[in-house]
Amino acid sequence: MSSTETQMPARRASRRALPILKSVAGFVAIVATTYLGLLAVTFFIGRVVPIDPVLAIVGDRAPAHVVERVRQEMGLNLPYYQQFVLYVKGVLQGDFGTSVLTTNPVMTDIRRVFPATMELATAGTIIGAAFGIPLGVLAAVKRGSIADQIVRILGLIGYSVPIFWLGLLALLVFYARLGWTSGPGRIDVVYEYSFTPVTGFYLIDAVINRDWAAFRDIFSHIILPASLLGYFSLAYISRMTRSFMLNELSQEYIVAARAKGLSETRIIWGHALRNAAVPLVTVIALSYAGLLEGSVLTETVFAWPGLGLYITNSLQNADMNAVLGGTIIIGSVFIAINLFSDVLYRMLDPRTRN
Amino acid sequence: MSQATMTRREWLLTDRPQSRLQARLGRAYVTWRRFTANWLAVVGMLIIMGLILIALFAPLLAPYSPYIGDLAGKRLLPPGAGHWLGTDDQGRDILSRLIYGSRLTLQVVVLVAVIAAPIGLLVGTVAGYAGGWLDAVLMRITDIFLAFPKLVLALAFVAALGPGIGNAIIAIAITSWPPYARIARAETLTVRNSDYISAVRLMGASPWRIVLRHIMPLCISSLIVRVTLDMAGIILTAAGLGFLGLGAQPPLPEWGAMIASGRRFILDQWWVAAMPGFAILIVSLGFNLLGDGLRDALDPRGSSQ
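Since this is a predicted model, take the numbers as computed values, not measurements.

All names here are of chain A. This chain's UniProt record puts "transmembrane region" (unreviewed entry) on residues 20-45, 120-141, 153-176, 218-237, 276-302 and 322-345. In residues 218-237, helix accounts for 100% and strand for 0%; the two terminal C-alpha atoms are 26 Å from one another. Structurally, residues 322-345 comprises 100% helix and 0% strand, and the distance from its first C-alpha atom to its last is 34 Å.

Residues and elements named next belong to chain A. Per the domain assignment, the segments of chain A are domain 1 (24-92) and domain 2 (110-352). Taken over C-alpha atoms, the centre of domain 1 sits 34 Å from the centre of domain 2. Taken together, the contact between domain 1 and domain 2 spans 12 residues of the former and 11 residues of the latter. In this assembly, domain 1 packs against domain 2 so that about 1000 Å² is buried in total across both faces, 87% of it on carbon and sulfur atoms. Considering only the surface of domain 1 that becomes buried against domain 2, Phe 27, Leu 38 and Thr 42 emerge as the three largest contributors, covering 43% of it. Applying the counting rule to domain 1 against domain 2 returns 0 salt bridges. Looking at the side of domain 1 that touches domain 2, the elements that each hand over two or more residues are α2 (9-48) and α5 (80-92). Residue classes in the side of domain 1 that touches domain 2 are distributed as 9 nonpolar, 3 polar and no charged.

All names here are of chain B. Compared with an ideal rise of 1.5 Å per residue, which puts 37 residues at 54 Å, helix α10 (residues 207-243) spans 46 Å between its outermost C-alpha atoms and falls more than 12% short. Along α10, the helix axis deviates most sharply at Met 216, where the bend reaches about 45°; the proline Pro 217 sits within four residues downstream. Downstream of α10 by a residue or two, Gly 245 has a phi angle that is positive, lying close to 85°.

With that settled, the discussion passes to the UniProt feature "transmembrane region" (unreviewed entry) in chain B. Residues and elements named next belong to chain B. The feature "transmembrane region" (unreviewed entry), as annotated in UniProt, sits at residues 39-62, 104-131, 151-175, 223-249 and 269-291 in this numbering. From the first C-alpha to the last, residues 39-62 spans 30 Å; its make-up is 92% helix and 0% strand. Here residues 151-175 runs as 88% helix and 0% strand, with 8 Å between its end C-alpha atoms.

This part covers the domain arrangement of chain B. A common way to report how large an interface is uses the accessible area buried once the components associate. All names here are of chain B. Along its sequence, chain B is organised into domain 1 (1-36) and domain 2 (41-298). Each of domain 1 and domain 2 has a C-alpha centre, and these two points are 35 Å apart. Facing the 5 residues of domain 1 at the interface are 9 residues of domain 2. Counting the surface lost from both domain 1 and domain 2, the interface buries some 520 Å², and carbon and sulfur atoms represent 78% of this. When the area that domain 1 buries against domain 2 is broken down by residue, the three leading residues are Thr 31, Arg 34 and Phe 35, summing to 84%. Between domain 1 and domain 2 we count 0 salt bridges in total. Residues of the side of domain 1 that touches domain 2, tallied by class, amount to 2 nonpolar, 2 polar and 1 charged.

When pLDDT is averaged across chain A, the result is 83; 91% of the residues are at 70 or more. Taken together, the stretch residues 1-9 of chain A has pLDDT below 50 and engages in 1 contact with residues farther than four places along the chain or on a different chain.

Ile 45 and Leu 307 of chain A together with Phe 287 of chain B are the most contacted members of the largest nonpolar core, which has 153 residues in total. With sequence-adjacent residues up to four places away left out, Leu 307 of chain A is seen in contact with Ile 110, Val 113, Phe 114, Thr 117, Glu 299, Gly 326, Ile 329 and Ile 330 of chain A.

A few words on the interface of chain A and chain B. Chain A puts 49 residues into the contact, and the matching count from chain B is 43 residues. Both sides together, the interface formed by chain A and chain B hides about 4100 Å², and carbon and sulfur atoms give 74% of it. With a closest N to O distance of 2.8 Å, Arg 239 of chain A and Asp 292 of chain B form a salt bridge.

With that settled, the discussion passes to the pattern of salt bridges. Throughout the structure, instances matching the rule amount to 15 salt bridges over all chains. Of the charged contacts in the structure, one is a salt bridge between Arg 186 of chain A and Glu 119 of chain A, with a shortest N-O distance of 2.6 Å. Here Arg 186 of chain A, found in the loop between α8 (163-177) and α9 (189-192), pairs with Glu 119 of chain A, found in helix α6 (residues 106-141); they are 67 residues apart in sequence, far enough to count as distant. Given the relative accessible area of 5%, Glu 119 of chain A is considered buried. In this structure, the salt-bridge partner of Asp 296 of chain B is Arg 295 of chain B, at a minimum N-O distance of 3.9 Å. A residue is classified by how much of its surface remains accessible, and Arg 295 of chain B, at 33% relative accessible area, is partly exposed. The structure contains a network of salt bridges with shared partners spanning Arg 152 and Arg 239 of chain A together with Asp 292, Arg 295 and Asp 296 of chain B.

With that out of the way, let us pick up a nonpolar patch on the surface. All names here are of chain B. Taken together, the side chains of Ile 52, Leu 53, Ile 54, Leu 56, Phe 57, Leu 60 and Leu 61 define a hydrophobic patch exposed on the protein surface, amounting to about 670 Å² of accessible area. Every element with two or more residues in the nonpolar patch is listed here: α3 (39-56) and α4 (58-61). Tallying contributions element by element places α3 first for the nonpolar patch, with 4 residues. Position of Leu 60 among the secondary structure elements: in helix α4.

Calculation notes
- Residues numbered from 1 in each chain as written.
- Chains lettered and ligands numbered in written order.
- Predicted model: local features only at pLDDT ≥ 70, side-chain atom pairs only at ≥ 80, totals over all residues.
- Heavy atoms only, no water.
- UniProt positions renumbered as here; feature names shortened; annotations may be inferred.
- Helix = DSSP H or I, 4+ residues; strand = E, 2+ residues; numbered from the N terminus.
- Domains from an automatic or database assignment.
- Contact = heavy atoms within 4.5 Å.
- Buried area = accessible area lost by both parts, 1.4 Å probe.
- Salt bridge = Lys/Arg side-chain N within 4 Å of Asp/Glu carboxyl O.
- Nonpolar A, V, L, I, M, F, W, Y, C, P; charged D, E, K, R; others polar.
- Expected span 1.5 Å × (residues − 1).
- Bend = angle between axes of the 7 residues up to and from the residue.
- pLDDT = per-residue confidence, 0-100.
- Core = buried A, V, L, I, M, F, W, Y, C linked by side-chain atoms within 4.5 Å.
- Buried < 20%, exposed > 50% of the residue type's maximum accessible area, 1.4 Å probe, protein only.
- Patch = residues over 30% accessible without salt bridge, like charges linked within 9 Å, V, L, I, M, F, W, Y side chains within 5 Å.
- Areas by Shrake-Rupley, 256 points an atom, 1.4 Å probe, with all protein chains shown as cover.

See the structure below:
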């Protein structure tokens, strides 16, 4: 395959240009309709469902003419379809309205809190993949053994445990009783004012600032919630790794490699896992998206100042603009990650290219 | 060879069944054998049967009232004789609250399944059988809902509808049906061009009759597996909503809400928050084990992996 590809690049390119254009157009159409659907649902929740957005802003003791003025300013006297068009226009320009709770534009708030969630989810995914992939490989290689059963039960518990409860217990044991980690929050008050965020990812920022004391503090804050989310994604990643590896290990090229006399280590880690890695990338991307969702509950337990905590705080104060803004952002990231993993899969797996 | 000389097992496993009933019973027997060969699946089934029994006989089993506690003398007692799992901040027996809470858990799970599964089944089978633009539109809507993060969408719905266990059930159901629609559509596509469907069509059956009587029954078994596997997720979502104060409201003994109210005492009276969590964990684990076992038993192709 690779030799013909290099010999006739021009011909192949021209023959493939049209279908690629077509599939790109299809992709764009799918993403656009999905996004529009997302906005339609949040619009429906925000406008049609009975919390009066005007009263939420002016309060229920405002005089009638003020209520009427605000209603007109917000365009709430227009027909629903015009309101929806205005809403979509606003969202596309990054305007989710103003948060009642913080009085900032919702987008400003989200920009402030989002890196915290990203950092937590990234750390969780790294932990989940670092432990989940080897465990999955082990379970597949020693299929049916005690090790396989243990990995399976470990995974099932990960699927079954309420994450907020596990977080509370982890805080109790590792923070309150053993004192191994720091408690809730992202950084200690001692460092909070001397620390200058650059990227918003505190661990990276600490390295950039060469502030090692702060780095240690940030690390001891993130390790507990990140391990928790990591366990959550470990359950999924190890299960999928096992199933992909079983699939690869039953292929003929493995028999050929064995016949050639390759060591078992080479066969498993060099050959089988390399091929299993292609669908695994998709799984890891999807588990990353899942962690963004899991962060809503985890952040609440660990007082982690991210998007999840922002949404739950806003919920408690009936701040619908902030809730829906956060929902749209998480939904958008979901759509983006799905798209990204799809594209990545096509790039990595040559069989999907025609 | 008369029936009298066959054992019941031979009668069930015969490859020449004499009646439709015998064939069905035989199939069920084989599935049952495959299911019970997996001890984890049996454990799961026992847990769920236990949950149902506890929910049914809650008033007989609970040693104390789930709502009225002894505020004067029994606040925050540690687990021990008299109160096996301790008492909470209002002097209520935690075990009794957990026992009554099983009713709420079961109610959530059953209602979500009863609302979401038929919606998914209908959307999926209609889309799959009709094809064309109807299929495209229905599947696009399904994909839009699939693209949402479930918990966050449920949160947004409950935020708008107002907190409460009924609204939590509606919100979870709204976010749960899309996978069922996908499964039902996939099953429909595999049978829609088969000969027996053509035969029914030639006999003049209307599309609705074909979908309702001849396609839907075939989707049921894979749907049951998926719903069972989803039960754990439904319980966790409901508990999460309860924990955030958006699901069942106090003084209802909902397990997630119980964890939330025990959170304040986690450092000194850990059992108040810990015990309901164990209940959630055990029940979700039960559903996951049962679902896994059902999948392996009903779908022999997948059981090799």
